[in-house]
Amino acid sequence: MSNLRNFREDFPILNEEVNGRKIIYFDSAATSQRPNQVLEAVLKYDHEANGNPHRGSHTLSMRATEAFEQVREKVRKFIGAKSTKEIIFTKNATEAINLVAYSYALNNLLPGDKIVITIAEHHANLVTWQQIAKKTKAELVFMYVDPSGRLPLGELHKIDEKTKIVACTHMSNVLGSIFPIEKVIERGHQMGAKVLIDGAQAVAHMPVDVSELDADFYVFSGHKMYSLMGVGVLYGKEEILDKMEPFLYGGDMIEYVYEEETSFNELPFKFEAGTQGIESVVSLGAAIDYLEEVTFEYIHEREMELTAYALSRLKELPYIRIIGPEDMNDRGAVISFVVEDIHPHDVSSILDNYGVGIRAGHHCAQPLLRYLEVFTCSRASFAFYNTKEEIDVLVDNLSEVRRWMGYGSR
Ligand code: PMP
């Protein structure tokens, strides 16, 4: 049983001190911390198997190839893809979205076609489509959230026969709301569009089955799911990826090269030009093993308990306004909020004095914050390694923030 062990002990960084206080890390939505098991797997790889994968027939290169391809199979199983041909390693979620944008959209969109996205997209899934719309003269259409931060199903009617691409986040990195992606995918397919889901905030928190979802593309970053930075994943349906042109050209993605012509490697290698970040890929494999040990059951239970507790404690403070759903329906462990009269950067730097790390700013979602007329806010995001006691420190010190800035705490 997974909850017999204290998983927090797997994360050495959580014993660090910041400004003389034990660190309280509430920024896992930006990047999660790495457990010993992940760090040790990377060291083991470097001690025993480092070589350039797919490049040589000597032992270390073959060990590296094996390590790399084992992770691809792990990722395939982890997200329920049918084939390892559908798993492309990228640098991060952003690069995975750009791969689809440049390789698929740029070659398939015509003037007058529509790209439909939500106003809650991270810049990675917004700026990319905005720029593709400009290049192809397609129309960029937004679906808007309601005041509680949820996507009303009525907005899905904006996906029509002219829509060629729908891009939608699985879970908002600002609002914390989980979007009705099954319905988005269904509607997109009814209208003949391809649907890309940005799973950057979802994969570490809930089981994802891309085959069941029937998503055409699903992207995520390893560093938000306990791996090192530098690896992301693009899942794409084989029949779509097969017809797409390579995104980057160079070594490893080729079959034969002549002076004038090149034939390209098969999937998935066609999309993996040049030497990949193999340590990061190895760390992603170890992170998947780790998540499977902890189990999504435990993660969900723990993160929901923490989120419900944080919401109830924050609601005690009259000067806090929560941005996003205030109830627990279809939401994840991200809470954005405004501390009345105080700039989020002041909130975050004063809290840092108490060892508490939260995020401040526009959270790479400027159009969303402009739409909500918030412009900038604070965000606390939790992982299963956090505790209720840490949430108490956050909430208790928010009144300190008010005092420091010359306001009463009530
Ligand atoms: N989408 C969402 C919802 C995110 O939260 C993030 C990271 N904040 C990204 C995409 C981009 O991830 P990365 O920077 O790892 O490419």
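Here the residue numbers are simple positions, counted from 1 along each chain's written sequence. Only residues with pLDDT of at least 70 get local features here, since the model is predicted, and only at 80 or more are side-chain atom pairs given and counted; chain-wide, interface and lining totals rely on the full set of residues. Side-chain calculation: all heavy atoms of the structure are included, whereas hydrogens and water are not.

Comments concerning the pattern of salt bridges
Turning to step 1, where the next piece is worked out: The term salt bridge refers to a pairing of a side-chain nitrogen on Lys or Arg with a carboxyl oxygen on Asp or Glu at a separation within 4 Å. Under the definition given, this model contains 24 salt bridges.
Turning to step 2, where the next piece is worked out: A salt bridge links Glu73 to Arg76, with the shortest nitrogen-to-oxygen separation between them at 2.9 Å. Pair noted here: Glu73 and Arg76 are both in helix α2 (residues 59-79), with a separation of three residues, about one helical turn.
Turning to step 3, where the next piece is worked out: Think of it in three bands: residues with accessible area under 20% of the maximum for their type are buried, residues over 50% are exposed, and the middle band is partly exposed, with areas taken using a 1.4 Å probe on protein chains only. For Arg76, a relative accessible area of 18% translates into the label buried.
Turning to step 4, where the next piece is worked out: Where Arg403 meets Glu400, a salt bridge forms, and the shortest distance between an N and an O atom there is 2.5 Å. Of this pair, Arg403 and Glu400 both sit in helix α12 (residues 388-404), three residues apart, roughly one helical turn. A helix here means a DSSP run of H or I that spans at least four residues, while a strand means a run of E at least two residues long, and both kinds are numbered starting from the N terminus.

What to know about the site of the ligand
Turning to step 1, where the next piece is worked out: By convention in this text, a residue qualifies as near a molecule or strand provided that one of its non-hydrogen atoms is within 4 Å of it. In the vicinity of the ligand, the residues found are Asn92, Ala93, Thr94, His122, Thr169, Asn173, Asp198, Ala200, Gln201, Ser221, His223 and Lys224.
Turning to step 2, where the next piece is worked out: Measuring from an oxygen atom of the ligand, one finds a side-chain N or O atom of Gln201 at 2.7 Å.
Turning to step 3, where the next piece is worked out: Within 3.5 Å is the distance limit for a polar contact, defined as a pair of N or O atoms, with the added protein rule that one can donate a hydrogen and the other accept it, and that residues adjacent in sequence qualify only through two side-chain atoms. In this structure, an oxygen atom belonging to the ligand sits 2.6 Å away from a side-chain N or O atom of Ser221.
Turning to step 4, where the next piece is worked out: Notes on the ligand: free accessible area 400 Å², of which the protein chains cover 89%.
Turning to step 5, where the next piece is worked out: Lining residues are defined by having an atom within 4 Å of a point belonging to a cavity or pocket. Those points lie on a 1 Å grid over the protein atoms alone, cavities being sets where a 1.4 Å probe fits but cannot get out and pockets being open sets with protein on both sides within 12 Å along at least five of seven lines. Throughout, a molecule is located in a cavity or pocket provided that more than half of its atoms lie within 2 Å of its grid points. Judged by the fraction of its atoms near the pocket grid, the ligand is located in the second largest pocket.
Turning to step 6, where the next piece is worked out: For the shell around the ligand, a count of residues per class yields two nonpolar, eight polar and two charged. The method behind every accessible area is Shrake-Rupley, applied with a 1.4 Å probe, and residues are considered shielded solely by the protein chains displayed. For this classification, Asp, Glu, Lys and Arg are treated as charged, while Ala, Val, Leu, Ile, Met, Phe, Trp, Tyr, Cys and Pro are nonpolar and the rest, including Gly, are polar.

Some remarks on unusual backbone geometry
Turning to step 1, where the next piece is worked out: Omega for the peptide link from Leu267 to Pro268 comes to 0°, which places this bond in the cis form.
Turning to step 2, where the next piece is worked out: Along the chain, the position of Pro268 falls in the loop between β12 (262-264) and α8 (278-294).
Turning to step 3, where the next piece is worked out: Although it is not a glycine, Asn19 adopts a positive phi angle of roughly 50°.
Turning to step 4, where the next piece is worked out: In this fold, Asn19 is placed in the loop between β1 (17-18) and β2 (21-22).
Turning to step 5, where the next piece is worked out: Not every positive phi belongs to a glycine, and Thr295 is a case in point at roughly 80°.
Turning to step 6, where the next piece is worked out: Its location among the elements puts Thr295 in the loop between α8 and α9 (296-314).
Turning to step 7, where the next piece is worked out: Assessed through its relative accessible area of 23%, Thr295 is described here as partly exposed.

Quick notes on the sheet that holds strand β14 (residues 334-339)
Turning to step 1, where the next piece is worked out: Taken together, four strands build an open sheet; the order of strands is β13-β14-β17-β16 and the sheet is antiparallel. Of all strands in the sheet, those with a lone pairing partner are β13 (320-323) and β16 (359-361), marking the two edges. The sheet shows a mean angle of 30° between the axes of neighbouring strands, taken without regard to direction.
Turning to step 2, where the next piece is worked out: Examined bridge by bridge, β14 and strand β17 (residues 377-381) share four bridges and lie antiparallel to one another. Bridge assignment links Ile335 to a residue of β17, and that residue is Ala380.
Turning to step 3, where the next piece is worked out: Whether two residues touch is decided by their heavy atoms; if any such pair falls within 4.5 Å, the residues are in contact. Axis lines are fitted to C-alpha atoms, over the contacting stretch for helices. Their N-to-C directions set the angle, which ranges from 0 to 180 degrees. Packing against the sheet, α9 makes contact with β13 and β14, and its axis sits at approximately 15° to β14.
Turning to step 4, where the next piece is worked out: Those strands touched by helix α10 (residues 344-353) are β14, β16 and β17, and its axis lies near 160° from that of β16. Any two strands are treated as partners once DSSP identifies two or more bridges connecting them.

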